[in-house]
Amino acid sequence: MMMNTMPLNNDIQMPMLGFGTFLMGGAECEESVLTALRSGYRMIDTAEAYGNEEAVGNTTQKSGIPRGELFLVTKVNFRSYENTRATVEASLEKLKTSYLDLVLLHWPFGNYYAAWRELEKLHQEGKIRAIGVSNFDPDRLIDLIEFNQVAPAVNQIETHLLCQRRTEHEWMEKYHVRHMAYAPLGQGRKNEMFENPALVEIARAHGKTSAQVALRFLMQSGVVVIPKSVHKGHIKENFDIFDFELTADEMAQLVKMDTAVPMIGNPENPAVVEVAMKW
Ligand code: NAD
């Protein structure tokens, strides 16, 4: 059976499965995060840009779970890259904690070199246990590693059965950067993903759902997943994936679903960049 955590390049252990909070706020966010914590999730993924760090912080604090058992991830928005220190300090306040487990640069836009160097300092001061990036293609990643002191521990990129990022994964492995999948359920695409006949058949054989197999496939490929849901049933279901194992043959069948085309967050696509820049 697989480990529930994986070591980062600085030997900190990161959970293999976390809870995503994109597009949830206020009471709905608090309730969903509470359900997640009660279901066993300990890693929560938020961001300055999501506007819900306060709701996440309220809930982690109220939950009574010791801070050392939680793994809090947030991201600095590119519009704040010139003010990274103040932004991280605001995140610490909103999340009601004296340190963050992982802070990511949200996109490779704007002055991300300045932002990275400030994250390095905050990391050295012990305010952030690990630092990383998001939406970085391998070329940007290698450049950042080459010209800075601390290499990113994690790169969070769109990854799911329909876009498995197998080439990117190999590059990240080479540089010891952990691969964290955002949109691991393809943002809930039913027809193209969940109803794929091979996936449905594999799920049936294990008495699991398509969503559970989609997440398990990534974890077994060495990819950390952070599925999101605001539905109690789905929140629990998405965490209940540690009690079965896909066979090598099943993994090979699922690899065939890869189109290698990102649908959501492709930093190589100018039209996607224009939309992302509006955040
Ligand atoms: P996701 O792939 O996690 O899909 C979420 C959607 O899938 C839900 O809204 C729901 O419609 C559906 N769903 C969830 N569980 C299901 C289940 N068991 N059965 C059927 N349908 C189910 O998409 P996401 O929220 O975009 O990505 C996950 C997290 O990744 C986000 O919440 C956020 O934390 C992070 N993220 C980061 C970036 C970035 O730029 N770094 C971008 C997008 C998302």
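These lines cover the structure that appears in this document, whether it is placed above or below.

Thresholds, definitions, all that
Residues numbered from 1 in each chain as written. Predicted model: local features only at pLDDT ≥ 70, side-chain atom pairs only at ≥ 80, totals over all residues. Heavy atoms only, no water. Axes fitted to C-alpha atoms, helices over the stretch in contact; angles between N-to-C directions. Helix = DSSP H or I, 4+ residues; strand = E, 2+ residues; numbered from the N terminus. Left-handed = near helix turned anticlockwise from the far one by under 90°. Contact = heavy atoms within 4.5 Å. Nonpolar A, V, L, I, M, F, W, Y, C, P; charged D, E, K, R; others polar. Buried < 20%, exposed > 50% of the residue type's maximum accessible area, 1.4 Å probe, protein only. Pairing = 2+ DSSP bridges. Right-handed = clockwise from strand over helix to strand, strands pointing away. Arc of directions from axis to C-beta.

What follows covers the packing of helix α1 (residues 26-39) against helix α10 (residues 232-239). α10 packs onto α1 with a crossing angle of 35° between their chain directions and a minimal axis gap of 9 Å. In terms of crossing hand, the pair formed by α1 and α10 is right-handed. Packed against α1, whose contacting residues are Ser32, Thr35, Ala36 and Ser39, the element α10 presents Lys232, Ile235, Lys236 and Phe239 at the interface. Classifying every residue of the contact of α1 with α10 gives three nonpolar, three polar and two charged.

Before going further, it helps to examine the pairing of strand β7 (residues 128-134). Side chains on a regular strand alternate between the two faces of the sheet. Of all the seven residues making up β7, six are buried; the element is thus mostly covered by neighbouring parts of the structure. Bridge count for strand β6 (residues 100-105) against β7 is five bridges, and the pairing is parallel. When the bridges of β7 are listed, leucine 100 appears paired with isoleucine 128. Handedness of the β6-helix α4 (residues 112-124)-β7 crossover: right-handed.

Further remarks concern helix α3 (residues 84-94). Buried within α3 are the following residues: Thr84, Thr87, Val88, Ser91 and Leu92. Summarising the axial view, the buried residues of α3 lie within an arc of 145°, below the 170-degree limit, and thus occupy one face. Exposed and oriented more than 90 degrees from the buried face of α3 are Ala86 and Glu93. Among the structural elements, α2 (53-63), β5 (71-76), β6, α4 and β7 are those in contact with the buried residues of α3.

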